[in-house]
Amino acid sequence: MSETIYNRIAMLRTERGISRRELSEALGVHYQTVGYLERGEYSPSLYLALRIAEHFEVPVEVVFSIHPFPRLGTGERSA
C-alpha cells in the first residue's frame, strides 16, 4: 500500500498568481519545500497541510488526497 499524498498546491498557487516564494513566506517554510510538496517528493505534516488549506481558504480535502485527482477537462468526477 502506497503512502503517497496527492495535492493541488501548484494548481491553486497558479490560479491565484502566487509564486512559490510568496507561498513559502506566507507559510514560514523554505521556498524549496513548496517545490518538494508540489512534486510529491515530500508529504506535509498535518499542521502544514492545514495551514496550506487555510491559506487558500479551502477545505484540506480540496488540496490533499490519498487518491490521484482526476485531470481537469476529462469529464471524470470524484465520488
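Computed from a predicted structure; not experimentally measured.

*Asks:* I would appreciate a short explanation of the side chain of S65 in the present structure.
*Replies:* The topology assignment puts S65 in strand β2 (residues 64-65). According to the relative accessible area criterion, S65 is buried, its value standing at 19%. Within the structure, the side chain of S65 is placed 2.9 Å from the backbone oxygen of H67, a separation counted as a polar contact. Contact partners of S65, with chain neighbours within four places excluded, come to T4, I5 and Y6.

*Asks:* Quick question: what am I supposed to make of the nonpolar core here?
*Replies:* Nonpolar side chains in soluble globular proteins generally cluster together in the buried interior. I9, L23, I52, F56, V63 and F64 are the most contacted members of the largest nonpolar core, which totals 14 residues. Elements represented by at least two residues in this core include exactly α1 (9-15), α2 (20-27), α3 (31-38) and α4 (46-56). Of all the elements, α4 adds the most residues to this core, at five residues. If we ignore the near neighbours within four places in the chain, the residues touching V63 are Y6, N7, R8, I9, L12, I52, A53, V58 and F69.

*Asks:* Please clarify how the pattern of salt bridges should be interpreted in this entry.
*Replies:* This model, assessed by the stated rule, comprises four salt bridges. With a closest N to O distance of 3.1 Å, E15 and R16 form a salt bridge. Ionic pairing is found between E38 and R20, a salt bridge with its closest N-O pair at 2.8 Å. Here the residue E38 occupies a position in helix α3, and R20 occupies one in helix α2, the gap between them amounting to 18 residues. A residue is classified by how much of its surface remains accessible, and R20, at 32% relative accessible area, is partly exposed.

*Asks:* It is not clear to me how the packing of aromatic side chains should be interpreted in this structure. Could you clarify?
*Replies:* Two aromatic rings, taken as a pair, are described by how far apart their centres are and by the angle between their planes. Taken as a whole and judged by the stated rule, the model has zero aromatic pairs. The aromatic ring of Y31 is capped on one face by R21, whose charged end is 4.1 Å from the ring centroid.

*Asks:* Whenever I open this one, the packing of α2 against α3 confuses me. Can you help?
*Replies:* A packed helix pair is summarised by two numbers, namely the angle formed by the two axes and the spacing between the axes. Interhelical geometry of α2 versus α3 gives an angle of 105 degrees and a closest axis separation of 8 Å. Overall, the two elements α2 and α3 adopt an arrangement that is roughly perpendicular. Facing α2, whose interface residues are R20, R21, L23 and S24, α3 presents Y31, V34, G35 and E38. Grouping the amino acids of the contact of α2 with α3 by side-chain chemistry returns three nonpolar, two polar and three charged.

*Asks:* Looking at this structure, how should I read the side chain of S24?
*Replies:* Here S24 shows up in helix α2. Those residues in contact with S24 that sit more than four places away from it in its chain are V29, H30, Y31 and V34.

Definitions and cut-offs
- Residues numbered from 1 in each chain as written.
- Predicted model: local features only at pLDDT ≥ 70, side-chain atom pairs only at ≥ 80, totals over all residues.
- Heavy atoms only, no water.
- Helix = DSSP H or I, 4+ residues; strand = E, 2+ residues; numbered from the N terminus.
- Buried < 20%, exposed > 50% of the residue type's maximum accessible area, 1.4 Å probe, protein only.
- Polar contact = N/O pair within 3.5 Å; in protein donor to acceptor, adjacent residues only side chain to side chain.
- Contact = heavy atoms within 4.5 Å.
- Core = buried A, V, L, I, M, F, W, Y, C linked by side-chain atoms within 4.5 Å.
- Salt bridge = Lys/Arg side-chain N within 4 Å of Asp/Glu carboxyl O.
- Phe/Tyr/Trp six-rings, centres within 6.5 Å; stacked < 30°, edge-to-face > 60°.
- Lys NZ or Arg CZ within 6 Å of the ring centre and 35° of its normal.
- Axes fitted to C-alpha atoms, helices over the stretch in contact; angles between N-to-C directions.
- Parallel < 35°, antiparallel > 145°, perpendicular 65-115°, else oblique.
- Nonpolar A, V, L, I, M, F, W, Y, C, P; charged D, E, K, R; others polar.

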